[in-house]
Amino acid sequence: MKYLLLLLLSFQACASEKKSGPVNPLPALNEIITVETQPGFVRWVSFAIEPGQETAELWCKDQQLKHAPLGQGRRFAYIAETYFSDLKPYTCRLILKNKTEIPIVNFLVKPFKYKEEKLKVDFRTVRLSKKDLKRAQKEQRMLAGLYTQSASEPYFNRAFVAPLDSFITSIYGNRRVYNNAHKSQHLGTDYRAAVGVPIPAVNRGRVLFAGDLFYTGGTVIIDHGMDIFTVYGHLSEVKTQAGQIVNQGDIVALSGHTGRSSGPHLHWGVKIHGHYVNGYSLIEETKKQFP
Ligand SMILES: [Zn+2]
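Residues numbered from 1 in each chain as written. Predicted model: local features only at pLDDT ≥ 70, side-chain atom pairs only at ≥ 80, totals over all residues. Heavy atoms only, no water.

1. Points about the coordination of the zinc ion
- For the zinc ion, the full set of protein donor atoms is His186 (NE2), Asp190 (OD) and His267 (ND1), at a range of 1.9 to 2.2 Å.
- Read in sequence order, the donor residues for the zinc ion give the motif H-x3-D-x76-H.
- Classification of aspartate 190 as buried rests on a relative accessible area of 7%. (Donors = N, O, S within 2.8 Å, 3.2 Å for Na, K, Ca; no water. Buried < 20%, exposed > 50% of the residue type's maximum accessible area, 1.4 Å probe, protein only.)

Structure, rendered in structure tokens:
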């Protein structure tokens, strides 16, 4: 409840910003902007560049991130803050061919207190058999390879939307303690959905994976470009295939309770350059790019 209130407050803060000024005051050339972020959130930033600097590398912490044209000599990027953030401020910078570094955005990371939920489960579901462990690890390696194949420019040209508007049974970021011992985090959003509910793509993209996985069962992963991916899990039926271009609203699957699932629901994950973030922060930030 407290979390929901915080979430609402943070979105209200966004809304009041919109009223008081332009949705996104675009920074001038050589202007360093300061942006507040939170663990598990993504921020849209835009910046000006000089002609010929389109190929400059964008570096945030120790990661090189993709950036794409916004028109009129400007570029944009979506910058995710890991759930496991050390909360230290940092500066993203462009590195030119001649190694000159141009700082473009300072990030301030506000702490965010995620809720803890205690769950009692059959120990076999937290301690994997050798065979299951081997399968899960093999799939992790396969997915890690796929996640390096994102398109350098976005497939989408409108804001992201939520996959369902049904009741959310588990919000992003809950810290889970199983049987008072095993700990993990829920880095996605769970929606109430009976078996067989049509699941739409939340934005345009290219299907990266469509098949069965140990943890998430029937799974569809869509690459939206720029290392932005959405994941749909525990599906009863996959209705697309890898390589297919899908538009926002296209039905890619039917909901279910396959994989490690306690009951029928949709698990929706948003992964941005390696970090699972709150999908609602992506929805809000893409509204800044596409008001
Ligand atoms: Zn989930």
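Once you've had a look at it, read on.
2. Topic: helix 4 (residues 279-289)
- The buried fraction of helix 4 is high, at 10 of 11 residues.
- For helix 4, the complete set of buried residues consists of Gly279, Tyr280, Ser281, Leu282, Ile283, Glu284, Glu285, Thr286, Lys288 and Gln289.
- One side-chain oxygen at the N-terminal end of helix 4 lies 2.9 Å from the backbone nitrogen of tyrosine 280; it belongs to asparagine 278. (Helix = DSSP H or I, 4+ residues; strand = E, 2+ residues; numbered from the N terminus. Polar contact = N/O pair within 3.5 Å; in protein donor to acceptor, adjacent residues only side chain to side chain.)

3. Things to note about the side chain of histidine 273
- For histidine 273, the location among the structural elements is in the loop between strand 21 (265-272) and strand 22 (275-277).
- On the basis of relative accessible area, histidine 273 is assigned to the buried category, the value being 8%.
- Of note is the side chain of histidine 273, whose polar atom sits 3.4 Å from the backbone oxygen of tyrosine 78.
- Beyond its immediate chain neighbours, meaning those up to four positions away, histidine 273 contacts Gln63, Leu65, Tyr78, Ile79, Ala80 and Asp227. (Contact = heavy atoms within 4.5 Å.)

4. Considering the sheet that holds strand 1 (residues 33-37)
- Here we have 5 strands laid out as an open sheet, ordered 1-8-7-3-4, and mixed in their pairing. For this open sheet the edge positions go to strand 1 and strand 4 (63-65), each flanked by a neighbour on one side alone. Direction aside, the axes of adjacent strands within the sheet are offset by 30° on average.
- In the sheet, strand 3 (residues 57-60) pairs with strand 7 (residues 90-95) via 3 bridges, with the strands oriented antiparallel. The residue of strand 7 that forms the bridge with tryptophan 59 is arginine 93. (Pairing = 2+ DSSP bridges. Axes fitted to C-alpha atoms, helices over the stretch in contact; angles between N-to-C directions.)

5. Looking at the sheet that holds strand 14 (residues 198-200)
- Taken in spatial order, the 3 strands make up an open sheet running 14-20-18, and their pairing is antiparallel. Each edge of the open sheet carries a strand with a single partner, namely strand 14 and strand 18 (237-238).
- Judged from the 3 bridges that link them, strand 14 and strand 20 (residues 251-254) form a sheet pairing that is antiparallel. Bridging across to strand 20, isoleucine 199 finds its partner in alanine 253.

6. Quick look at unusual backbone geometry
- Non-glycine residue leucine 87 carries a positive phi angle of around 65°.
- Residue position: leucine 87 is located in the loop between strand 6 (74-80) and strand 7.
- Under the relative-accessibility criterion, leucine 87 is labelled partly exposed at 34%.
- One non-glycine residue with positive phi stands out, namely histidine 234, at about 65°.
- Tracing the backbone shows histidine 234 in strand 17 (residues 228-235).
- On the basis of relative accessibility, which here comes to 6%, the residue histidine 234 falls in the buried class.

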